[in-house]
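What follows is the residue order along each chain.
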Amino acid sequence: MTTPVMIEIIQGTTQRVPLIRRYVDYAIVGDDCRGWKNACTGAPVPTGDFHDEDYTGCSAALQIRSDIDSLDVLWEMSTANGRVELSGNTLTLIFAHDESAAFAFEDAMGQVEVTRPNGDVERQYELTFTVRKESTK
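Residues numbered from 1 in each chain as written. Predicted model: local features only at pLDDT ≥ 70, side-chain atom pairs only at ≥ 80, totals over all residues. Heavy atoms only, no water.

Take the overall build of the protein chain next. Within the protein chain, the secondary structure is distributed over 1 helix and 12 strands. Taken from the N to the C terminus, the helices and strands of the protein chain come in the order β-β-β-β-β-β-β-β-β-β-α-β-β. Reported as C-alpha extents along the three principal axes, the dimensions of the protein chain are approximately 55 × 35 × 30 Å. In the protein chain, which comprises 137 residues, the share counted as buried stands at 35%. The long-range share in the protein chain, meaning contacts at least 24 apart out of those at least 6 apart in sequence, stands at 60%. Considering the protein chain, the positive charge centre built from 12 side chains and the negative charge centre built from 22 side chains are found 4 Å apart. (Helix = DSSP H or I, 4+ residues; strand = E, 2+ residues; numbered from the N terminus. Buried < 20%, exposed > 50% of the residue type's maximum accessible area, 1.4 Å probe, protein only. Contact = heavy atoms within 4.5 Å. Lys, Arg positive; Asp, Glu negative; His and termini not counted. Charge placed at Lys NZ, Arg CZ, Asp CG, Glu CD.)

Okay, here's the thing in structure tokens:
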């Protein structure tokens, strides 16, 4: 399941954005505020049905673009370039202050793809970004 997330980047600051991933073995609907329900039965999802993601041995990549159809990559983040960290059930996006200061876009999107040790690729997050411009220069 691809999880939608909205992220606000504060230009010129260092930000570490942790995305904690848990899942169930069946389709669910809802959200963290109203709660989760089984998509087929409508029954609440018991806490014990949730499993922590395991990122052991995985890599991850994200390309930020102005829109889904754009060929232009505005920013790349990955475990290879150190802008994505994986630990336990948490995927963390890292925006360094000097790099975010150079962002010329205001709104963008991206999809995080995780590659498993066996080579399987999963699209786990669909992200939308808003950049809050920096006034202190």
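Ranked by size, the top nonpolar core spans 25 residues in total, and within it Ile64, Leu91, Leu93, Phe95, Leu127 and Phe129 carry the most contacts. Counting residues per element, the ones that place at least two in this core are strand S1 (3-10), strand S2 (15-20), strand S7 (59-65), strand S8 (75-78), strand S10 (90-95), strand S11 (107-115) and strand S12 (121-132). Tallying contributions element by element places S12 first for this core, with 4 residues. Excluding its chain neighbours within four sequence positions, the residues that come into contact with Phe129 are Ile7, Ile9, Leu62, Ile64, Phe95, Glu106, Asp107, Ala108, Met109 and Gly110. (Core = buried A, V, L, I, M, F, W, Y, C linked by side-chain atoms within 4.5 Å.)

Take the sheet that holds S10 next. Overall, antiparallel pairing links the 3 strands, which are arranged S2-S10-S9 in an open sheet. Each of the sheet's edge strands pairs with one partner strand only, and the pair in question is S2 and strand S9 (84-87). Adjacent strand axes in the sheet meet at a mean angle of 20° when their direction is disregarded. In the sheet, S2 pairs with S10 via 6 bridges, with the strands oriented antiparallel. Within S10, the position partnered with Leu19 by the bridge is Leu91. (Pairing = 2+ DSSP bridges. Axes fitted to C-alpha atoms, helices over the stretch in contact; angles between N-to-C directions.)

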